[in-house]
Amino acid sequence: MNERAALYLRVSTSEGKQTEENQRRELRKFAQEEGYELVGEYVDHESGRKGRNEREAFDQMFEAAESREFDVLVFWSLDRFSREGIRKTIAYLQQLDSLSVGFRSYTEPYLNTDDELVSHILLSVLSYFAEYEAKKISRRTKAGIERARDQGKQIGRPSKFDEHKDQIQQMIEEGASKAEMSRQTDLAWSTVDRYVGRIKSE
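Note that this is a predicted model, so its numbers are computed, not measured.

Conventions used here
- Residues numbered from 1 in each chain as written.
- Predicted model: local features only at pLDDT ≥ 70, side-chain atom pairs only at ≥ 80, totals over all residues.
- Heavy atoms only, no water.
- Helix = DSSP H or I, 4+ residues; strand = E, 2+ residues; numbered from the N terminus.
- Buried < 20%, exposed > 50% of the residue type's maximum accessible area, 1.4 Å probe, protein only.
- Contact = heavy atoms within 4.5 Å.
- Pairing = 2+ DSSP bridges.
- Axes fitted to C-alpha atoms, helices over the stretch in contact; angles between N-to-C directions.
- Salt bridge = Lys/Arg side-chain N within 4 Å of Asp/Glu carboxyl O.
- Core = buried A, V, L, I, M, F, W, Y, C linked by side-chain atoms within 4.5 Å.
- Phe/Tyr/Trp six-rings, centres within 6.5 Å; stacked < 30°, edge-to-face > 60°.
- Lys NZ or Arg CZ within 6 Å of the ring centre and 35° of its normal.
- Expected span 1.5 Å × (residues − 1).
- Bend = angle between axes of the 7 residues up to and from the residue.

**Student:** Even after reading the chapter, I still don't get the overall build of the protein chain, so can you show me in this structure?
**Tutor:** The helix and strand inventory of the protein chain stands at eight helices and four strands. Of the regular secondary structure in the protein chain, the N- to C-terminal order runs β-α-β-α-β-α-α-β-α-α-α-α. Burial statistics for the protein chain: of 202 residues in total, 37% are counted as buried. Long-range contacts, defined as pairs at least 24 residues apart, comprise 62% of the intrachain contacts of the protein chain with a sequence gap of at least 6.

Okay, structure coming up:
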């Protein structure tokens with residue numbers, strides 16, 4: 001019995017690189033040449049940066065995969081499948097693999113999981129690159145934070161003290177009591193007392 005195949009097509013009108021009919025014609029021809037039994041087609045007209053919940057056909061395709069309605073998914077290219085970043089894309093491919101659903105890329109012959117050994121090697125290599133990319137992003141983020149700190153920039157949300165400092169400073173100058181400061185700032189009296197102490201010590 002021939003393997004059952006589903007096609008996933010994605011055309012984003014903002015990209016303007018592919019037409020739906022061009023993808024459909026070529027993918028149908030490819031599936032026929034490979035001897036697949038074509039059992040479904042899923043078409044999105046959304047950005048590949050949108051997640052599963054934001055791409056109706058993509059979500060339907062995964063629901064069908066979970067129900068084992070097809071054995072292999074054929075798509076035009078990896079960036080037609082998803083453009084959410086390498087980690088999320090690999091997670092989708094691993095999810096298909098966990099459902100015993102293979103995948104084929106029309107324009108990327110190496111993305112072929114027909115062979116079980118190749119499938120495991122491919123997913124391992126892709127997972128390695130996903131992990132490597134995540135670590136690289138983390139290093140860049142940390143370096144950016146350290147650079148900003150060295151330049152004296154505030155990282156993250158300002159503290160409550162910083163939020164209320166100017167207001168309390170003004171009330172100190174106006175001779176307001178700590179009880180009045182507490183009422184006007186909605187801060188506890190003990191917090192106002194601590195902030196006043198910090199301001200006066202600066």
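**Student:** Would you mind showing me how to read the sheet that holds strand 3 (residues 72-75) here?
**Tutor:** Strand pairing within a sheet occurs via backbone hydrogen bonds; the two strands may be parallel or antiparallel. With respect to topology, four strands assemble into an open sheet ordered 2-1-3-4, the strand pairing being parallel. A single partner strand is all that each edge strand has here, and the edge strands are strand 2 (37-44) and strand 4 (102-105). Pairwise comparison of adjacent strand axes, ignoring direction, gives a mean angle of 25 degrees for this sheet. As judged from the four bridges shared by strand 1 (residues 4-10) and strand 3, these two strands associate in the parallel manner.

**Student:** Help me understand the pattern of salt bridges, please; the structure alone is not making it clear to me.
**Tutor:** Should their charged atoms come close, side chains of opposite charge can pair. All chains considered together, the criterion is met by 14 salt bridges. Notably, a salt bridge pairs Arg24 with Glu21, separated by 2.7 Å at the nearest N-O pair. Of this pair, Arg24 and Glu21 both sit in helix 1 (residues 20-33), separated by three residues, roughly a single helical turn. When its relative accessible area of 11% is taken as the criterion, Arg24 is described as buried. Glu21 gets classed as partly exposed once you look at its relative accessible area, which sits at 49%.

**Student:** It is not clear to me how the nonpolar core should be interpreted in this structure. Could you clarify?
**Tutor:** Grouped burial of nonpolar side chains is what soluble globular proteins tend to show. Core analysis: the biggest nonpolar cluster contains 22 residues, and Tyr42, Met61, Phe70, Leu73, Phe81 and Leu96 have the highest contact counts within it. Residues contacting Phe70, with those up to four places away along its chain left out, are Arg4, Ala5, Ala6, Val39, Tyr42, Met61, Ala64, Ala65 and Val101.

**Student:** Any chance you could explain the packing of aromatic side chains here in plain terms?
**Tutor:** Here a ring pair, both rings aromatic, is described through the centre-centre distance and the interplanar angle of the planes. Evaluated as defined, the whole model comprises 12 aromatic pairs. Measuring from centroid to centroid gives 5.5 Å for Phe30 and Tyr106, while their planes differ by 80 degrees, and the two rings are edge-to-face. Placement of Phe30 in helix 1 and of Tyr106 in the loop between strand 4 and helix 5 (116-150) is noted, with a sequence separation of 76 residues between them. For Phe30, a relative accessible area of 10% gives the class buried. The partly exposed category is assigned to Tyr106, whose relative accessible area is 28%. Between Tyr42 and Phe70, the ring centres sit 6.5 Å apart and the planes meet at 45 degrees, which makes this aromatic pair tilted. Separated by 28 residues along the polypeptide, Tyr42 in strand 2 and Phe70 in the loop between helix 2 (56-66) and strand 3 bring together distant segments of the chain. With relative accessibility at 13%, the residue Tyr42 sits in the buried group. Residue Phe70 is classed as buried on the basis of its relative accessible area, which comes to 1%. Put simply, the rings of Tyr8, Phe58, Phe62, Phe75, Phe81, Tyr92 and Phe103 touch in pairs and so form one group of aromatic residues. The side chain of Arg55 reaches across the aromatic face of Phe58, ending 3.9 Å from its centre.

**Student:** How do you make sense of helix 6 (residues 160-173) when you look at a structure like this?
**Tutor:** Along an α-helix, residues three or four positions apart point the same way, because every turn accommodates 3.6 residues. Its 14 residues place the ends of helix 6 20 Å apart at the C-alpha level, agreeing with the 20 Å of an ideal helix rising 1.5 Å per residue. Along helix 6, the largest kink reaches about 40 degrees and is centred on Asp166. Against helix 7 (178-185) and helix 8 (189-201) lie the buried residues of helix 6.

**Student:** Which parts of the structure should I look at to understand the pairing of strand 4?
**Tutor:** Put simply, side chains in a regular strand alternate between the two faces of the sheet. Residues Gly102 and Arg104 line one face of strand 4 and the alternating positions Phe103 and Ser105 line the opposite face, and both faces are buried. Across four bridges, strand 3 lies against strand 4 in parallel orientation. Along strand 4, the bridge assignment pairs Phe75 with Ser105.

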